[in-house]
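Working through the structure, step by step
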Amino acid sequence: MDLPKAKPLPARDGDVLLLVGTMKGAFLLRSDRSRRGWDSSGPHFPGRSVYAMGYDGRSGRRRIWAAPASMHWGAELCASDDFGRNWSRPETPRIAFPESAGVALKNIWQIEPGRDDEPDRVFCGVEPSALFESRDGGETWSLNEGLWNHPHRARWMPGGGGLCLHTILTDPERRDRLTIATSTGGVYRTDDGGKTWQARNHGIQAYFLKEKDPEFGQCVHKVARHPSRPDTLFLQHHFGLYRSDDGGDTWREASKGVPSDFGFPMVVHPREPETVYVVPLKADQFRCPPEGKLRVYRTKNGARSWKPLARGLPQEDCYDTVLRDAMSADAEDPAGVYFGTRNGRLYGSRDEGESWSLVADDLPPVTCVRAVSVRRAAASRAKKRGRGRRAA
Amino acid sequence: MPVRFFVPGPLRDFSGGLAQVELAGSPETLADALRALGALYPGVAKRVLDEQGEVRPHINLFVGGDCVRFGDGLATRLPDGCEIAILPAVSGG
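Residues numbered from 1 in each chain as written. Chains lettered and ligands numbered in written order. Predicted model: local features only at pLDDT ≥ 70, side-chain atom pairs only at ≥ 80, totals over all residues.

To continue, consider the confidence of the model for chain A. Predicted coordinates in regions of low pLDDT should not be interpreted in detail. Model confidence for chain A is summarised by a mean pLDDT of 93, while 94% of its residues fall at 70 or above. Note on residues 376–392 of chain A: pLDDT under 50 across the span, and twelve contacts to partners over four residues away in sequence or across chains. (pLDDT = per-residue confidence, 0-100. Contact = placed C-beta atoms within 7 Å.)

All names here are of chain A. A sheet is described by the order of its strands in space; here four strands give the open sequence β16-β17-β18-β19, paired in antiparallel fashion. What marks the edges here is a single partner per strand, and that holds for β16 (220–224) and β19 (252–253). Relative to strand β17 (residues 233–237), β16 runs antiparallel, the two sharing four bridges. Residue K222 lies in a different strand from β17, and its bridge partner there is Q236. (Pairing = 2+ DSSP bridges. Helix = DSSP H or I, 4+ residues; strand = E, 2+ residues; numbered from the N terminus.)

In this section: helix α1 (residues 30–40) of chain B. All names here are of chain B. Every buried residue of α1 is accounted for by L30, A33, L34 and L37. Burial along α1 is one-sided: seen end-on, the buried residues are contained in an arc of 100°. Where α1 is buried, its residues contact β1 (3–6), β2 (20–23), α2 (42–48), β3 (59–63) and β5 (83–88). (Buried ≥ 20, exposed ≤ 12 C-beta atoms within 10 Å, placed from the backbone. Arc of directions from axis to C-beta.)

Pairing between the strands of a sheet is mediated by backbone hydrogen bonds and can be parallel or antiparallel. All names here are of chain A. What the four strands build is an open sheet, ordered β3-β2-β1-β28; its pairing is antiparallel. Only two strands of the sheet have a single partner each, and these edge strands are β3 (39–44) and β28 (366–373). Between one strand axis and the next, the sheet turns by 15° as a mean value, whatever way the strands run. Here seven bridges tie strand β1 (residues 16–22) to β28, and the two strands are oriented antiparallel to one another. Opposite G21, over in β28, you have C368 as the bridge partner. (Axes fitted to C-alpha atoms, helices over the stretch in contact; angles between N-to-C directions.)

Dropping the structure here:
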């Protein structure tokens, strides 16, 4: 039984790519900067769920990462340097727990390139919750033992999707700082390059725990921040939107103005650190849009207020769901914002969320979306490198 | 008589396209046979067994006509010249 191979989708400088993971394969979509029309390719890895995709444009790479998982054959990390024509798939899967861990990899939930000045570092968040790190561009990987051996880990509990480490945030200003989030468990941060980790959940309320202000155990769905302001974090909790201005040391609620403070994704605008997008769902017991209206909510003032963005989205009897990694923004001006749904719809906005249209329909349930501005990424890297040299 | 593995389609990328793999020697148990298979085609064995050496939950291994899940598992003793089938279970959604 040979499965069909998807055609490649070569992208040129200036193009925008959408990497779309679904329950039955990955899809690549490409547009020019106008983002008026999209070519697509897929499914890559047909029949396999793809919960994580990533793009590494550092050091001249144009590498797409994907994490196909098979119920039968396990999860693995694959890479393509030619926009999907070929996927490298080592005989021995790149990511595996050491024998001493006593567990087996269930899924890969997050692929995150490291800082620009460490172009060979790549991180992966996996299920069961653990952090893996590569220092050679993704060829070899090792388990972060500091987090794995954390005394809290035994008391982390799986959410509906599994016990997953789904958020990895590097810090452009502090090389040894890394912030992760796991569901459930909460936010953890290292300031010594991953040797030790501290829970950073002070202020995040969790109705499902007995304690008033638990140190850990929160069901954090997503954390986001703008790289220019690494201490300002926005967090979507199982219930509650939160903001931190001290790198996660303390959190305060920031849910005023949304019809429900339950939801999954959280995306920060590519240039405006106080502009954030969420997609509220009714409640954990009914994970569908409030009032049957699919609405993205956007704040432009750091979560002091939120505004619904509904033009072009279904506003009647909509029972769709957007998962935690299924929303992303490109780096264009105006920014494009995209999200995929469990009903297999991919929506896009090329005016920062003011209006939406269908980019693709009838896909399998969408698990992740990553928007990539191909040229813009390269230009910003060069600019940053130039700035870095001058500063040095 | 050599022991022979039947490799399912999704794993043939890792067996050089072969649907059947004959093992030299006479492995005593299924675990021995999988070790020998892994030496020849690690990509196949790594997808049948997880990194802890356990058969993945949705894979069934048949020695002759018997599913080892309901017998001795990896300790199943192999008759001379037996056939081992790697079959994905009817799981999915």
